[in-house]
Amino acid sequence: MKNAVSFLALALAFTALTAFTLSSKNNEYVGSKTCKACHSNPKTGGTAYKVWEKSVHANAYKTLKTAEADKIAKEQGHSTKAADTKECLSCHVTGHMEAGATFAKKFDKSEGVGCESCHGAASAYRIKHAKDVEGARALGLITKKVSSGAAEKQCVSCHNKKSPTYKPFKFKEAWKSVAHPNS
Ligand code: HEC
Ligand code: HEC
Ligand code: HEC
Ligand code: HEC
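Quick look at the nonpolar core now. One finds Tyr29, Tyr61, Leu64, Ala82, Leu89 and Val93 to be the most contacted residues of the largest nonpolar core, which totals 13 residues. Excluding residues that lie within four positions of it along the chain, Leu64 makes contacts with Ala69, Asp70, Ala82, Ala83, Cys88, Leu89 and His92. Ala122, Tyr125, Ala136 and Leu141 belong to the second-largest nonpolar core, a separate cluster that totals 6 residues.

Let us look at the coordination of the iron atom of ligand 2. Coordination sphere of the iron atom of ligand 2, protein contribution only: His57 (NE2) and His159 (NE2), at 2.0 to 2.1 Å. Its 6 donor atoms give the iron atom of ligand 2 angles of 86 to 179° at the centre, a pattern that matches the octahedral case. Taken as a pair, His57 in the loop between helix 3 (48-53) and helix 4 (60-64) and His159 in the loop between helix 9 (150-156) and helix 10 (171-178) lie far apart in primary sequence, 102 residues in all.

This next bit is on the site of ligand 1. Around ligand 1 lies a shell of 15 residues, among which Cys35, Cys38, His39, His129 and Thr143 are the nearest. Within the side chain of Arg137, one N or O atom sits 2.9 Å away from an oxygen atom of ligand 1. Between an oxygen atom of ligand 1 and a side-chain N or O atom of Thr143, the distance comes to 2.7 Å. For the shell around ligand 1, the secondary-structure elements that each account for two or more residues are helix 2 (33-36), helix 7 (115-119) and helix 8 (133-137).

On to the packing of aromatic side chains, then. Evaluation of the coordinates by the stated rule reveals 4 aromatic pairs. Seen in terms of ring centroids, Tyr29 and Phe103 are 5.3 Å apart; in terms of plane orientation they differ by 25°. Their pairing is stacked. You can see Tyr29 sitting in the loop between helix 1 (2-25) and helix 2 and its partner Phe103 sitting in the loop between helix 6 (86-92) and helix 7, a full 74 residues away along the chain. Residue classification places Phe103 among the partly exposed residues on the basis of a relative accessible area of 30%. Put simply, the rings of Tyr29, Phe103 and Phe107 pair up and form one aromatic cluster.

Taken together, His119 (NE2) and His180 (NE2) make up the full set of protein donors to the iron atom of ligand 3, lying 2.0 Å away. Around the iron atom of ligand 3 sit 6 donor atoms, and with donor-metal-donor angles ranging over 88 to 180° the site reads as octahedral. Separated by 61 residues along the polypeptide, His119 in helix 7 and His180 in the segment after helix 10 bring together distant segments of the chain. Overall, His180 belongs to the partly exposed group, its relative accessible area being 29%.

Below, the discussion takes up the pattern of salt bridges. This model, assessed by the stated rule, comprises 4 salt bridges. For Glu75, the salt bridge is made with Lys71, and the minimal N-O distance between the two is 3.7 Å. Of this pair, Glu75 and Lys71 are both found in helix 5 (residues 67-75), 4 residues apart, which corresponds to roughly one turn of the helix. Comparing Glu75 with Lys71, the two get one shared label, exposed. One salt bridge in this structure joins Arg137 and Glu134, with 3.1 Å as the shortest N-O distance. With Arg137 and Glu134 both in helix 8, this residue pair falls 3 residues apart, about one helical turn. Residue class for Glu134 comes out exposed when judged on its relative accessible area of 57%.

The rules behind each value
- Throughout, residues of each chain are indexed from 1 in the direction in which the sequence is written.
- Labels are handed out in written order, letters beginning with A for the chains and numbers beginning with 1 for the ligands.
- pLDDT decides what is reported in this predicted model: residues at 70 or higher carry local features, side-chain atom pairs at 80 or more are listed and counted, and totals for whole chains, interfaces and linings draw on all residues regardless.
- As a rule here, side-chain values cover all heavy atoms of the structure and leave hydrogens and water aside.
- Residues belong to one nonpolar core when they are buried, are Ala, Val, Leu, Ile, Met, Phe, Trp, Tyr or Cys, and are joined through side-chain atoms within 4.5 Å.
- Only protein chains enter the accessibility calculation, which uses a 1.4 Å probe; a residue is then buried when its area is under 20% of its type maximum, exposed when over 50%, and partly exposed in between.
- Throughout, a contact is declared for two residues whenever any of their heavy atoms are within 4.5 Å.
- Here the coordinating atoms are restricted to nitrogen, oxygen and sulfur within 2.8 Å of the metal centre, or 3.2 Å for Na, K and Ca, and because water is not among them the sites may look incomplete.
- In short, tetrahedral needs four donors with all angles between 85 and 135 degrees, square planar needs four and octahedral six donors with opposite donors over 155 degrees apart and all other angles between 65 and 115, and whatever is left is irregular.
- The helix and strand labels rest on DSSP assignments: H or I over at least four residues marks a helix, E over at least two residues marks a strand, and numbering proceeds from the N terminus.
- A cutoff of 4 Å decides nearness: a residue is near a molecule or strand if any of its heavy atoms lies inside that distance of it.
- Counted as a polar contact is a pair of N or O atoms within 3.5 Å, where, for protein atoms, one must be capable of donating a hydrogen and the other of accepting one, and residues adjacent in sequence contribute only when both atoms are in side chains.
- Ring geometry is summarised as follows: Phe, Tyr and Trp rings, the Trp one being its six-membered ring, pair when their centres sit within 6.5 Å, and such pairs are stacked at plane angles under 30 degrees, edge-to-face over 60 and tilted between the two.
- The term salt bridge refers to a side-chain nitrogen of Lys or Arg lying within 4 Å of a carboxyl oxygen of Asp or Glu.

Below, the structure written as structure tokens:
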């Protein structure tokens, strides 16, 4: 009897562990290049990629590679270069603020603040959302609305006083320079 109980406990623990592994695998960050093919053409999903590619966000990691960034890192008390400093990466690279985030092999941190910084880790919704946006939300697709104020809150998760170079964040102006509507 005792053996049966411990076997059951072990089986349950194993099931839970498998489910956990699968669910975290399902939400890997795959990188913005994955979005490029469909989101560069008005006929297949709009031109968000083209807007993003030219935006400051696409440069956010490269900024950490500069001498100015290393100087800031040093002033903040870090002994590592800015591009190797966890705290700097947290706002300058997709997914790096999230505890336990996982990244696909093809994910390239040099993309800086990519699509998934605002739309969620995409491995699970990447295919599904093109035909079923509402269904894809359950798989992690996020679209915060500008009109409801939710998008501004999302920006402020990085645009805040924890940024060593913080400039007061004016959402309306800021959104204009990164907006990527389909029409
Ligand atoms: C196979 C083509 C394809 C790929 C790859 C693709 N998308 Fe899309 N995406 C679409 C299409 C088509 C729509 C419009 C769906 C609709 O409105 O029914 C869409 C819509 C969206 C939307 C709008 C959702 C909403 O709330 O209306 C977001 C955000 C989005 N995609 C993000 C991404 C991101 C991020 C990636 C890369 C990780 C990506 N997409 C990759 C085809 C694609
Ligand atoms: C994951 C963190 C993150 C999020 C979320 C984020 N940003 Fe940024 N943003 C940055 C970083 C880092 C830079 C600096 C990039 C550089 O200079 O290389 C930046 C720079 C900018 C700039 C240019 C500098 C400035 O402050 O004027 C604008 C405009 C901007 N972001 C708008 C937005 C808007 C609008 C949102 C929300 C819809 C947003 N950002 C969300 C990290 C983020
Ligand atoms: C800084 C945050 C941020 C980044 C980075 C970002 N988006 Fe968005 N995106 C938004 C917000 C916020 C909205 C909703 C805007 C609104 O309320 O109309 C949106 C809307 C969209 C839409 C729907 C547009 C429409 O008119 O219906 C698509 C498609 C989309 N994003 C795709 C992408 C793709 C692909 C990338 C990367 C190439 C990307 N986004 C990068 C914040 C972001
Ligand atoms: C809380 C999020 C956050 C953290 C942490 C962060 N940054 Fe940034 N960084 C930003 C944002 C947002 C911007 C855009 C300008 C602004 O408002 O600071 C930015 C801009 C910059 C710039 C461009 C200079 C400018 O005036 O636009 C440099 C360089 C920089 N960051 C270096 C660093 C370094 C080095 C670290 C680590 C010590 C770091 N950042 C940590 C969010 C952050």
